[in-house]
Amino acid sequence: MSDIKQEFEKLSMEFSNQQNNLNELITARSQLETQYQENKIVLAEFEKLNDDSKIYKLTGPILLPQDYAEAKMNVTKRIEFIEDEIKRVETKVTDEEKRIEKTRDGILAVRAKMGN
Amino acid sequence: MAAPQQQIDLTKLQPQQLVEVRKQIDQEIQHFTQSLQALQTAQAKLRDCVASIDNLEKSQDGTGSKDLLVPLTSSLYLPGQVVKKNEYLVDIGTGYFVEKNAPDAKKVYDVKIVKLSEDGAKLKDILMSKNEMLNRVNMVLRDKMVEYEAQQKN
């Protein structure tokens, strides 16, 4: 009997841990989405500019002048990076969801045993 | 997002489940209301930017004052005058600033304001449908309670 109880406790712990992980992943996902959208707006703005535009980049407390081509490349690269990151987090989310599903099944099985 | 959930027949749920559903909808409504408020604050800020440009433009054609107070800290200001005009540094996001003239600078903000208005309208639609859902859940829940009480009496 105590064996089953212990297993139940272990599974419950695992379950809540996994749920915390999932929540963290989802927060990370939405943060990435915000960054992605912001960078897309910046890129769209760059599309309207040309080489003559004076562009500055805020680095710490100062504004540094920047090359149009360089700035645009930076943002494009950043968008690519964020896209990869989003994909990475999304696979993690599905993995975690699968793990939660498994733990839930385990809990249900143990609970059924305890009922008997 | 929550579209598949709407397919559930509310009347077949247990009262406890209904309470859970209600709690969830409540949370969603709260979340969307907060988002809507954030959108409106952002929009007000953008409008301030456009108004500031308009003010400076007025000082240029002589209809407004050239004087302004330059903030050194949040509590220390220097009286100043605008020397160079029609040149604005616009924050386009992620730390990038671009030098623009007044009409172009205003265009940046106007586009954003329009975009926010559209998003705000979408949010309002979502909020309305969520409120409707909440009302439906509440009604079903009330019916169940009446039913339950009637059963208790018998």
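Residue positions are given per chain, counting from 1 as you read along its sequence in written order. For naming, the first written chain is A and the first written ligand is 1, with later ones following in the order written. Totals for whole chains, interfaces and linings use all residues, but because this is a predicted model, local features are given only for residues with pLDDT of at least 70 and pairs of side-chain atoms are given and counted only at 80 or more. Only heavy atoms go into the side-chain values, all of them from the structure, while hydrogens and water stay out.

Here we look at the pairing of strand E3 (residues 88–93) of chain B
All names here are of chain B. As a reminder, the rule being used: Whether two strands pair depends on DSSP finding at least two bridges between them. Numbering of helices and strands runs from the N terminus, with a helix taken as a DSSP run of H or I at least four residues long and a strand as a DSSP run of E at least two residues long.
Bridge count between E3 and strand E4 (residues 96–100): 5 bridges; the pairing is antiparallel. By the bridge assignment for E4, Asp-91 is matched with Phe-97. Where E3 hands over to E4, the hairpin turn is made up of 2 residues, of which Thr-94 adopts a positive phi near 50 degrees.

Comments concerning the packing of aromatic side chains
Any aromatic ring pair is given by two values, namely how distant the centres are and how the planes are angled relative to each other. Residue and element names in this part refer to chain A. This is how the line gets drawn: Side-chain rings of Phe, Tyr and Trp, where Trp is taken by its six-membered ring, are said to pair if the distance between their centres is within 6.5 Å; with planes under 30 degrees apart they count as stacked, over 60 as edge-to-face, and otherwise as tilted. Per-residue accessibility, obtained with a 1.4 Å probe over protein chains only, is compared with the maximum for each type, and a residue is labelled buried under 20%, exposed over 50%, and partly exposed between these values.
All told, the structure shown has 2 aromatic pairs over all chains when counted by the stated rule. Note on Phe-46 and Tyr-68: the rings are 6.3 Å apart at their centroids and 85 degrees apart in plane angle, and the pair reads as edge-to-face. Note that Phe-46 is positioned in helix H1 (residues 2–47) and Tyr-68 in helix H2 (residues 68–115), a separation of 22 residues in sequence. A relative accessible area of 0% means that Phe-46 is categorised as buried. Residue Tyr-68 is classed as buried on the basis of its relative accessible area of 12%.

Let's talk about the packing of H1(A) against H2(A)
Residue and element names in this part refer to chain A. Put simply, the rule is: Interaxial angle, 0 to 180 degrees, is taken between N-to-C directions of lines fitted to C-alpha atoms, where a helix line uses only the stretch in contact. When describing relative orientation, an angle under 35 degrees is termed roughly parallel and one over 145 degrees roughly antiparallel, while 65 to 115 degrees is termed roughly perpendicular and anything else oblique. Helix crossings are classified by the rotation of the near helix relative to the far one: an anticlockwise turn of less than a right angle makes the crossing left-handed, while a clockwise turn makes it right-handed. Under the grouping applied here, Gly and all other residues not named as nonpolar or charged are polar, the nonpolar ones being Ala, Val, Leu, Ile, Met, Phe, Trp, Tyr, Cys and Pro and the charged ones Asp, Glu, Lys and Arg.
At a minimum axis separation of 7 Å, H1 and H2 run at an interaxial angle of 160 degrees. By the angle class used here, H1 and H2 are roughly antiparallel. The two elements H1 and H2 meet at a crossing, and its hand is left-handed. The residue makeup of the contact of H1 with H2, split by class, is 23 nonpolar, 9 polar and 19 charged.

Some thoughts on the pairing of strand E2 (residues 77–81) of chain B
Here strand E1 (residues 67–71) of chain B runs beside E2(B); their pairing, made up of 5 bridges, is antiparallel. Looking at E2(B), one finds that B:Asp67 is bridged to B:Gln81.

Focus on unusual backbone geometry
The backbone phi angle of B:Thr94 is positive, close to 50 degrees, even though this residue is not glycine. When you line up the elements, B:Thr94 lands in the loop between E3 and E4.

Quick look at the UniProt feature "coiled-coil region" (unreviewed entry) in chain A
For clarity, the cut-off: UniProt positions are given in the numbering used here, feature names are shortened, and annotations may be inferred rather than shown by experiment.
Residues annotated by UniProt as "coiled-coil region" (unreviewed entry) correspond here to residues 1–35 and 72–106 of chain A. Across residues 72–106 of chain A one finds 100% helix and 0% strand; the C-alpha atoms that close the span lie 51 Å apart.

A look at a negative patch on the surface
Residue and element names in this part refer to chain A. The condition is simple: Put simply, a patch holds well-exposed residues, over 30% relative accessible area, that have no salt bridge, with like charges counted together within 9 Å and Val, Leu, Ile, Met, Phe, Trp or Tyr side chains within 5 Å. In short, Shrake-Rupley with a 1.4 Å probe defines the accessible areas, and a residue's cover is counted only from the protein chains shown. Each reported salt bridge corresponds to a side-chain nitrogen of Lys or Arg within 4 Å of a carboxyl oxygen of Asp or Glu. Charge convention: Lys and Arg are scored as positive, Asp and Glu as negative, and His as well as the terminal groups of each chain are ignored. The atom standing in for a charge is NZ when the residue is Lys, CZ when it is Arg, CG when it is Asp and CD when it is Glu.
Where like charges cluster on the molecular surface, the negative patch consists of Asp-51, Asp-52, Asp-67 and Glu-70. Following the sequence through the fold, Asp-52 ends up in the loop between H1 and strand E1 (55–59). Asp-52 gets classed as exposed once you look at its relative accessible area, which sits at 68%.

Details of the interface of chain A and chain B
Cut-off, in case you're wondering: We call two residues contacting when some pair of their heavy atoms lies within 4.5 Å. The buried area of a pairing is the accessible area, by a 1.4 Å probe, that goes missing from both parts when the two are put together, added over both.
Tallying the contact residues gives 18 residues for chain A and 12 residues for chain B. Buried area between chain A and chain B, both sides added, is near 1,300 Å², and the carbon and sulfur share of it is 62%. If you sort the residues of chain A by the area they bury against chain B, A:Glu45, A:Lys54 and A:Tyr56 come out on top, with a joint share of 35%. At the boundary of chain A and chain B, one finds 2 salt bridges. The salt bridge partner of B:Lys100 is A:Glu45, with a shortest N-O separation of 3.2 Å. Mapped by element, the contributors of at least two residues to the side of chain A that touches chain B are H1, E1, strand E2 (62–66) and H2 of chain A. Top element by residues in the side of chain A that touches chain B is H1(A). It accounts for 6 residues. Residue classes in the side of chain A that touches chain B are distributed as 10 nonpolar, 3 polar and 5 charged.

What about the side chain of B:Lys144?
Residues and elements named next belong to chain B. Looking at where Lys-144 falls in the secondary structure, it is placed in helix H2 (residues 102–153). For the buried residue Lys-144, which engages in no salt bridge, the nearest side chain bearing the opposite charge is Glu-147, 6.1 Å off. Lys-144 has contacts with Thr-11, Lys-12, Leu-13, Pro-15 and Leu-18, leaving out every residue within four places of it along the chain.

What to know about H2(B)
Let me state the cut-off plainly: Expected span of a helix, by definition, is 1.5 Å for each gap between consecutive residues, and there is one gap fewer than residues. Nitrogen and oxygen atoms within 3.5 Å of one another constitute a polar contact, given that in protein one can donate a hydrogen and the other can accept it, and given that sequence-neighbouring residues count only through two side-chain atoms.
The end-to-end C-alpha separation of H2(B) is 75 Å, in line with the 76 Å expected for 52 residues at 1.5 Å each. Between a side-chain oxygen at the N-terminus of H2(B) and the backbone nitrogen of B:Asp104 the separation is 3.1 Å; the capping residue is B:Asn101.

Some thoughts on a nonpolar patch on the surface
A surface patch of nonpolar side chains, about 410 Å² in accessible area, is lined by B:Leu68, B:Val70, B:Leu72, B:Leu76 and B:Leu78. With respect to the element layout, B:Leu72 can be found in the loop between E1 and E2.

Comments concerning the sheet that holds E4(B)
The antiparallel open sheet is built from 4 strands, whose spatial order is E2(A)-E1(A)-E4(B)-E3(B). Strand pairing shows two members of the sheet lacking a second neighbour, E2 of chain A together with E3 of chain B, which therefore form its edges. Across this sheet, the average inter-strand angle for adjacent strands is 35 degrees, counted without regard to direction. Inspection of the sheet shows E1(A) paired to E2(A) by 5 bridges, in the antiparallel sense. Counted as the bridge partner of A:Lys57 is A:Leu64 from E2(A). Sitting on the sheet, H1(A) touches E1 of chain A together with E3 and E4 of chain B, and the angle it makes with E3(B) is about 135 degrees.

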